[in-house]
Amino acid sequence: MIKKLLFVLLLLPSVLPAQKYSAHEIARLRREAANVTIIRDNWGVPHIYGKTDADAVFGLMYAQCEDNFKGIEENYLYQLGRQTEARGEKNLYTDITLQLVADSADAIKDYKTSAPWFKKLMDAFADGINYYLYKHPEVKPMVFHHFEPWYALMFTDGSVSATVTGGINMNETRNFYDGGPEKLGAVYKPAIDEREMGSNGFAIAPSRSASGHALLYINPHVPFYFRSEAQMVSGEGLDVYGAVTWGQFFVYQGFNPHCGWMHTSSYADVGDLYAEKVSKKDGKWYYEYNGTLKPVTERKLVLNIKNGNGFEKKTITGYYTQHGPVLGSRGGRWLALRANNRSYKALLESWLITKANTFAEYKKAMGLLSNATNNTVYADDKGNIAFWYGNYMPRRDPNLDWTLPVDGSTSATDWKGLHSVDEIVHVYNPSTGWIQNCNSTPFASSGIASPDKNKYPAYMAPDGQNYRAVTAIKLLENAKNLTLDGLITKGYDHYLSAFDDLLPPLFKAYDEAADSVKQSLAEPVKSLREWDRRTTVNSAAATLALEWGGLMYRAMPQAKTTEASTYQTTRVNEMLHSISNKQMLDHFREAINSLKNHYGTWDVKWGDINRYQRPADGVSFSDDAPSLPVGLTSSAYGQLPSFQSRAMNNTKKRYGYSGNSFIAAVEFGPRIKAKTVITGGQSFDPSSKHFTDEAQMYIDGKFKDVLFYKSDVLKHAGKIYHPGL
């Protein structure tokens, strides 16, 4: 779109000098460190204690750096749109998108005008990381040799897919900003199912639990090792335990002595594309709004792109309308995004929920209305359970289709404020006594006590049902006298509900086939008829079913929008009604032959090829190195725990790379009782006993007891220290 990219080869050194610290700054950091005590328990989990909340934040960031500084830097390279400085041209348009949707100048302004008490937390965030870098000169950052407090305001949501783009894809942004002739109306091919499917949250009311206390199950599905496990305690009332996304100073999914929360990624429509009518006059771009022309705002984006031992500088002109950044074009109209990808209130909300002690206090924090990408499943020590489908929800004209770009030339499509917490789709203390959300429709979240779809505008919850939710409902609707271990067992159930729909048509096609076809497929079909539709390490039927299921899923027509792709059960059944018996049996035969070609037989046990391995470098998987058999699979087929695996590099076996990460089950009695497990282990050091000490537990669904109270932590202390000592 007539974007001119300016190329300047900068003769910069490939390694920048380490940050120089003044004597005054070093003295200040040492004083802060002296106020913090870190106790690593017998699982390597850091329990951070400080006099103030800021002390706890300082200690948390230092402990995170000890475990995985690389992960922290990776996340901020992404959030600040600076990946090209580490990896070169391949990340250019990701960086451009991130810089378009989140302006660092706004974050700096927010930091400068923030409340003094909150500014202290951001200062402590940066100080904890910088003190670690000062104390560990052997650590060589790729880009960030010094962290600034305002960085925290660029990463305000702990979700794995926290950037809302309104349905536009990277190719559209690339086409728009790639220079050359104007590309109004570039060909659009929607990218469907790019977002990782995952995360389960369950809340159980006292009426359904054995103890008479509310229970919460926290089960995010993310790339392995994406988060750490930690506890933060201060003399200012902070006492929170749970999962922390690398580089953030708040517990993202977890619990305190009184309440707990599980965030699942939301498909609520919180970002919209506005189709702008643009024209050029006297060399300047204008867009139409209510019959008048308004000038397009321009902002220079400067990217330093690693190129060998130097850097290549690109300056790109980013365009903005009153709706937001222009991310691409379709049908001759520019597409501007309106969303809430970065805000001061979002970070504030993320912090305040960790200190909420009652349902009312939690709702008050949610009342900041700034969490743009998460649903929330909640439970507390008063027996309350609740669910909110989203949090930041724009108020719009319900007669428009907000899954597609709307007309930006009229005020009729403008947002009209935000819906309140009680106006968004929610469930408070349902009569059924249970809540489930598996990135699925909220209108089946609590059985007969689920919200009424007809009472809400379509944009609030445009998604459909998936097979994980189908499984969860079957497991929870008749559950009684649940214990923590019983809840974990349900959360680790291996049943694949998708095959309740997929297998009957296959058997029917087989039964109606010619005898010659039956003869060649008899043994594989017999195996599936006898299969209990669960995955185990010794199940060859599971291997065959998953190989065939993958082919059947790929036979589904591509969904037209992201929202349409969420109607998993509907799409599968529509495909089953349109596919012929011959096509179905051809896919089945293809699955058999694929297994024979890869492994010499179709009758191969799932655990023989589906493995857990944690390479020292995180990427060099090998069939010759030790690994563990895994009886889990992807959640795409309705299994509640998730273990996504694939062949890596030149391996024949499949290795897990994404799925279950930090998982917790919590009982909210007079004293917190909780159990957790994390992928592999807490440490990123291959020589540490905590590198894989939880691997078999993770595979089997055997959780460790949480050491929530300091007296228990001290009994199981592995190391007690101040940061830097």
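Look above for the structure.
What you see is a predicted model; the values in this text were computed from it and never measured.

Cut-off values and rules
Residues numbered from 1 in each chain as written. Predicted model: local features only at pLDDT ≥ 70, side-chain atom pairs only at ≥ 80, totals over all residues. Heavy atoms only, no water. Helix = DSSP H or I, 4+ residues; strand = E, 2+ residues; numbered from the N terminus. Rg over C-alpha atoms; globule rule 2.2 N^0.38 Å. Buried < 20%, exposed > 50% of the residue type's maximum accessible area, 1.4 Å probe, protein only. Contact = heavy atoms within 4.5 Å. Areas by Shrake-Rupley, 256 points an atom, 1.4 Å probe, with all protein chains shown as cover. Lys, Arg positive; Asp, Glu negative; His and termini not counted. Charge placed at Lys NZ, Arg CZ, Asp CG, Glu CD. Pairing = 2+ DSSP bridges. Axes fitted to C-alpha atoms, helices over the stretch in contact; angles between N-to-C directions. Core = buried A, V, L, I, M, F, W, Y, C linked by side-chain atoms within 4.5 Å. 1 Å grid on protein atoms, 1.4 Å probe; cavity = no way out; pocket = protein on both sides within 12 Å on 5 of 7 lines; lining within 4 Å. Points joined across faces, edges and corners; volume = space filled by probe spheres on them. Nonpolar A, V, L, I, M, F, W, Y, C, P; charged D, E, K, R; others polar.

Caption draft 1: Quick peek at the overall build of the chain. Of regular secondary structure, the chain possesses 20 helices and 31 strands. Relative to a compact globule of 725 residues, whose C-alpha radius of gyration would be 27 Å, the chain shows 26 Å and is just as compact. The buried share of the chain, reckoned over its 725 residues, is 60%. When contacts within the chain are restricted to residue pairs at least 6 apart in sequence, those whose partners lie at least 24 apart make up 71%. Carbon and sulfur atoms make up 51% of the accessible area of the chain, which amounts to about 28,300 Å² in all. Across the chain, the centroid of the 80 positively charged side chains sits 2 Å from that of the 76 negatively charged ones.

Caption draft 2: Spotlight on the sheet that holds strand β30 (residues 704-705). If you trace the six strands from one edge of the open sheet to the other, you get β23-β4-β5-β28-β29-β30, paired in antiparallel fashion. Here the strands that pair on one side only, and so sit at the sheet edges, are β23 (434-437) and β30. Across four bridges, the pairing between strand β4 (residues 200-204) and β23 is antiparallel. Each bridged residue has a counterpart across the sheet, and for Ala203 the counterpart in β23 is Ile435. Along the sheet face, helix α10 (residues 467-476) touches β4 and β23 and points at about 165 degrees away from the line of β23.

Caption draft 3: Molecular detail of the pairing of strand β2 (residues 36-41). Of all six residues that make up β2, five are buried, and the element is covered over most of its length. Counting the residues that bridge the hairpin from β2 to strand β3 (residues 46-50) gives four residues, and of these Gly44 lies at a positive phi of roughly 85 degrees. In this sheet, strand β31 (residues 717-721) lies alongside β2 in antiparallel orientation, the contact comprising four bridges. Following the sheet pairing, Asp41 is matched in β31 by Ala717.

Caption draft 4: Local environment of the sheet that holds strand β12 (residues 278-281). Across the sheet, which stays open at both edges, the three strands sit in the order β12-β13-β14 with antiparallel pairing between neighbours. In the strand order of this sheet, the two ends are held by β12 and β14 (292-295), each with one partner. Between one strand axis and the next, the sheet turns by 40 degrees as a mean value, whatever way the strands run.

Caption draft 5: Just the nonpolar core, in detail. Phe125 and Phe249 are the most contacted members of the largest nonpolar core, which totals 143 residues. Of the residues forming this core, the biggest block, 13 residues, is contributed by helix α2 (residues 53-79). What Phe125 contacts, discounting residues up to four positions off in sequence, is Val57, Met61, Tyr76, Glu148, Pro149, Tyr151, Ala152, Gly247 and Phe249. In this structure, Ala513, Leu521, Met552 and Ala636 belong to the second largest nonpolar core, which totals 41 residues.

Caption draft 6: Structural view of the layout of surface pockets. Its boundaries defined by the atoms lining it, the second largest pocket holds a volume of some 500 Å³. The wall of the second largest pocket is formed by 22 residues, among which Val101, Asp106, Gly324, Pro325 and Ala339 lie closest to the centre. Breaking the lining of the second largest pocket down by element, the ones donating at least two residues are α4 (92-101), β17 (324-330) and β18 (333-338). Residues belonging to the lining of the second largest pocket are distributed by class as follows: 10 nonpolar, six polar and six charged.

Caption draft 7: Focus on empty space enclosed by the protein. Enumeration according to the criterion identifies five cavities of 30 Å³ or more in this entry. Looking at the largest cavity, its volume works out to about 160 Å³. Taken as a whole, the second largest cavity spans an internal volume of roughly 90 Å³. Every residue along the wall of the second largest cavity is listed here: Gln79, Leu98, Val101, Ala102, Met154, Phe155, Thr156, Asp157, Ala162, Thr163, Asn341 and Arg342. The class makeup of the residues in the lining of the second largest cavity is six nonpolar, four polar and two charged.

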